[in-house]
Amino acid sequence: MNERDRAVVTVDRLSKHYGDRSVLRDVSLRVHAGEVFGLLGPNGAGKTTTLETIVGLRRPTDGTVRVLGRDPSVDRRYVTERMAVQPQAATLFPTLTVAETLDLFASFYRDVRRPEEVLDELDLGEARRVRVKHLSGGQERRLLIAIALIGNPEIVVLDEPSAGLDPQARRNLWSIIRRQQERGTTILLSTHHMDEATQVCDRIAVLVDGSIAASGEPETLVREHAATATVTFEVPGRTTADELRSHDIPGEITVTAKGAVSLVGIVTDDPDAVLRRLTFSTGLRPRGFRVAHGSLEDLFIDLANRPTSAAEGDRAHSP
Amino acid sequence: MSTTHAFPAQVRSFAAAHARDLVRDPRSIIALVASFLALIGLLWGVDALVATASGTPAGVLERGLPLVSSTGLMAIAFMLTTVPLVRHRSTGLLRALSTSPARRGAYLLGHLPIRVGLVVVEAAVVIVLAVWAAPIRPRSDLIAIAGTILLGGAMLLGFGYLLAARLSNPDTAMQLAYLLPMLALATSGALFPLAVLPEWVAGLFRLLPTTWIVGALEAVISQGPQPVPLAVVWSLMAAFALVSGLAAARLHRWDVG
């Protein structure tokens, strides 16, 4: 079996209830060695509960979780030696400096990366002597990630790693995730930034209302679930949707008058056909074409807004 | 891939972290030292006033040393031990540690050294005061005072760790840190002699560990008879410290939920 096909995290029909409240229902997923797997979902969808169950902080009500073949809530030492976690929020020792904090966590492992190297990679080199209580939110988040990377783990779990980071810091984080993947580390992360999922994840699972609504490679999911594109342009003078339909233009047409022009939007499965028709139609004189293809964000909004029963039906996509 | 570093190395790292944490945010220590010195100052002032009025030494400070000692030990055990541990749990630090290979025992053992250091400093201060109050005190009395304070400190620290093992709300811990010493002082004979209470109540109070400390120190300082042989009291204290410490390590919860 190819190393990349080996499942290092296996979640099988995981359910989690708190009293009568169901937080996770029949969640199943596999994370393969060396891949970056993203868990997406709106707030309250159950991402953090799923991750906390995977890292052994919570026990499933039903179903099983295996990390490298072990139960993470039972084989704590085996799992914590091999899987590092960046929690969504944790206050460290507030009076220790960044370097002292990283040294403390490094002391838990026998084989560690050089703390200076990790701090530089996370752009914390200049803050190494700053006490944790004086760090900004973004710096503290990066320190939590540095802590997760210091022990050369096989698997890294990042719970919303880019929350609170500015755009540049987020891009740096993506580079770090890619470099870590090149080292052979498996990365499981949760996010609600679609661009992050598109940029860094090999596969994703969209969690909605405690269930997996869709999963797979981001491009495939977009193709399957958000295949429509929107063609926009303007036409001098006034026109109507009916007039445009008379040119055999396929799709759902909307027209808005703006000053001396009409703004036209066409939602279609086949933007190329729309462009061909518009190009060869006489009398329209359209200009300022823009084509916006379906994105992960469209998919996300679509899945998040579907009624629960629809999401149930889509669970056939569960990996 | 990493494997867990040796337990002693983890203890050393935690000891350094806990010591820095306490020393660099010295508000708790300053409050503890200030209240300890204020109590000594108050007793010394009353001593001086009574001596001036009556013309003879009153020995108020000397007789108040068990009160001073037990108050200081409880402040170290509850204010400087239980409260910070519970705060670490409530802020998510323990949860973050629980996802690493850090060992629970290493975290707790690393917490001890600076607190034991404070107990030793307190024992030294009390011995200095005891010698100052009665310069011709026999050396065996000083050893008895030191031993009682050190074992009493170990016992109360064990209890402090036990309290912190499950609590998740630092406000509750803080309230306990205020309430428990008051209860302990009221029931230990430090504020008034237990002999004034009905015999069955006094008998009940003598079973309390804080009463062991106060009773043993009172007997040594007043050079009177020990209510229970010192060796027995020390053995009880050592056993209590061991059992509560082990129970605390066993019950210590990383997480809040």
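Reading guide: rules and limits
Residue positions are counted from 1 within each chain, in the order its sequence is given. Here the convention is simple: chains get letters from A, ligands get numbers from 1, in the order in which they are written. Reporting in this predicted model follows two pLDDT cut-offs: at least 70 for local features of residues, and 80 or more for side-chain atom pairs to be given and counted; totals over whole chains, interfaces and linings ignore these cut-offs and use all residues. The helix and strand labels rest on DSSP assignments: H or I over at least four residues marks a helix, E over at least two residues marks a strand, and numbering proceeds from the N terminus. The size measure is the radius of gyration over C-alpha atoms, and the globule rule it meets is 2.2 Å times the number of residues to the 0.38 power. Exposure classification rests on a simple neighbour count of other C-beta atoms within 10 Å of a residue's own: a residue reaching 20 or more is buried, one at 12 or fewer is exposed, and one in between is partly exposed. C-beta atoms are placed from the backbone. A residue pair is marked as a contact if its C-beta atoms, positioned from the backbone, fall within 7 Å. Nonpolar residues are Ala, Val, Leu, Ile, Met, Phe, Trp, Tyr, Cys and Pro. Charged residues are Asp, Glu, Lys and Arg, and all others, Gly as well, are polar. Take the buried Ala, Val, Leu, Ile, Met, Phe, Trp, Tyr and Cys residues, join any whose C-beta atoms are within 7 Å, and the set you get is a nonpolar core. A score from 0 to 100, pLDDT tells how confident the predictor is in each residue. Each pair of strands is called paired provided DSSP finds at least two bridges between the two strands. Whenever a helix is involved, its axis is fitted only over the stretch in contact; in every case the axis is a line through C-alpha atoms, and angles between N-to-C directions fall within 0 to 180 degrees. The source of the domain bounds is an automatic or database domain assignment. Here the angle decides the label: under 35 degrees means roughly parallel, over 145 means roughly antiparallel, 65 to 115 means roughly perpendicular, and every other value means oblique. A crossing counts as left-handed when the near helix is turned anticlockwise from the far one by less than a right angle, and as right-handed when that turn is clockwise. Here, expected helix span is obtained from the residue count minus one, scaled by 1.5 Å. Axes are fitted to the seven residues ending at a residue and to the seven starting at it; the angle between these axes is taken as the bend at that residue.

### Some thoughts on the overall build of chain B
Working step 1: What chain B contains, in helices and strands, is 10 helices and zero strands.
Working step 2: N-terminal to C-terminal, the α/β element order of chain B is α-α-α-α-α-α-α-α-α-α.
Working step 3: A compact globule built from 257 residues would reach a C-alpha radius of gyration of about 18 Å, and chain B, at 20 Å, matches this within 12%.
Working step 4: Dimensions of chain B along its principal axes, counting C-alpha atoms only, are 75 × 40 × 35 Å.
Working step 5: The buried share among the 257 residues of chain B stands at 40%.
Working step 6: By sequence separation, contacts in chain B at least 24 residues apart represent 80% of the contacts at least 6 residues apart.

### Considering the interface of chain B and chain A
Working step 1: Residue-level contacts link 24 residues of chain B with 27 residues of chain A.
Working step 2: Sorting the residues of the side of chain B that touches chain A by element identifies helix 1 (7–24) and helix 4 (93–98) of chain B as the ones contributing at least two each.
Working step 3: When residues of the side of chain B that touches chain A are assigned to their parent elements, the largest contribution, seven residues, is made by helix 1 of chain B.
Working step 4: In terms of residue class, the side of chain B that touches chain A is made up of seven nonpolar, 11 polar and six charged.

### Points about the nonpolar core
Working step 1: In this structure, L102, A146, A148, V157 and V206 of chain A are the most contacted members of the largest nonpolar core, which totals 137 residues.
Working step 2: With 14 residues, helix 3 (residues 60–90) of chain B is the single largest residue contributor to this core.
Working step 3: Excluding residues within four positions of it along the chain, A146 of chain A makes contact with L102, V118, L119, L122 and L124 of chain A.
Working step 4: Counting nine residues, the second largest nonpolar core, distinct from the first, contains L244, I249, I253 and I266 of chain A.

### What about the confidence of the model for chain A?
Working step 1: The pLDDT averaged across chain A works out to 88; a share of 94% of its residues lies at or above 70.
Working step 2: Counted against residues more than four places away or in other chains, residues 309–319 of chain A, with its pLDDT under 50, gives 20 contacts.

### Topic: the sheet that holds strand 12 (residues 261–268) of chain A
Residue and element names in this part refer to chain A.
Working step 1: Strand order in the open sheet made by the four strands is 11-12-10-13, with antiparallel pairing throughout. Strands at the two margins of the open sheet, each flanked by one partner only, are strand 11 (252–258) and strand 13 (287–293). Taken over all neighbouring pairs, the strand axes of this sheet differ in orientation by 15° on average, direction set aside.
Working step 2: The pairing of strand 11 with strand 12 spans seven bridges and is classified as antiparallel. When the bridges of strand 12 are listed, I253 appears paired with I266.
Working step 3: The sheet strands contacting helix 10 (residues 271–280) are strand 10 (229–236), strand 12 and strand 13, and the helix crosses strand 10 at an angle near 15°.

### Quick look at the pairing of strand 12 of chain A
Residues and elements named next belong to chain A.
Working step 1: Across the two faces of strand 12 the burial differs, with S262, V264, I266 and T268 buried and V261, L263, G265 and V267 not buried at all.
Working step 2: With eight bridges connecting them, strand 10 and strand 12 associate as antiparallel partners. Looking at strand 12, one finds that A229 is bridged to T268.
Working step 3: The antiparallel pairing of strand 11 with strand 12 creates a hairpin that spans two residues between the two strands, and G259 there sits at a positive phi of about 60°.

### Examining the sheet that holds strand 2 (residues 21–32) of chain A
Residues and elements named next belong to chain A.
Working step 1: The strand order across the open sheet formed by three strands is 2-1-4, and the pairing between neighbours is antiparallel. Both outer strands of the open sheet, strand 2 and strand 4 (62–67), are each paired with one neighbouring strand and no more. For this sheet, the mean angle separating the axes of adjacent strands, direction not counted, is 15°.
Working step 2: Packing against the sheet, helix 1 (residues 47–54) makes contact with strand 1 (7–18), strand 2 and strand 4, and its axis sits at approximately 120° to strand 1.

### Remarks on the domain arrangement of chain A
Working step 1: Entries for chain A in the domain assignment read domain 1 (3–217 + 308–317) and domain 2 (228–293).
Working step 2: Inter-centroid distance (C-alpha atoms) of domain 1 of chain A to domain 2 of chain A is 45 Å.

### With respect to the pairing of strand 6 (residues 155–159) of chain A
Residue and element names in this part refer to chain A.
Working step 1: By the criterion of burial, strand 6 is predominantly enclosed, with five of the five residues buried.
Working step 2: The side-chain alternation of strand 6 yields two buried faces, one formed by I155, V157 and D159 and the other by V156 and L158.
Working step 3: Examined bridge by bridge, strand 5 (residues 83–86) and strand 6 share four bridges and lie parallel to one another. Bridge pairing in strand 6 places V85 opposite V157.

### Points about the packing of helix 3 (residues 98–106) of chain A against helix 5 (residues 137–149) of chain A
Residues and elements named next belong to chain A.
Working step 1: Look at helix 3 against helix 5: their axes get within 9 Å of each other, and the N-to-C directions meet at 30°. Taken as axis vectors, helix 3 and helix 5 run roughly parallel relative to one another. Helix 5 is crossed by helix 3, and the crossing has right-handed handedness. Counting all contacts with helix 3, which are made through V98, T101, L102 and F105, the residues of helix 5 involved are L143, A146 and I147.

### Notes on helix 3 of chain B
Residues and elements named next belong to chain B.
Working step 1: In this model, helix 3 (31 residues) spans 42 Å end to end at C-alpha, consistent with the 45 Å of a helix rising 1.5 Å per residue.
Working step 2: Maximal helix bending in helix 3 amounts to about 35°, located at P66.
Working step 3: Burial of helix 3 is extensive: 24 of the 31 residues sit out of reach of the surface.
Working step 4: Within two residues after helix 3, G92 carries a phi angle of roughly 95°, on the positive side.

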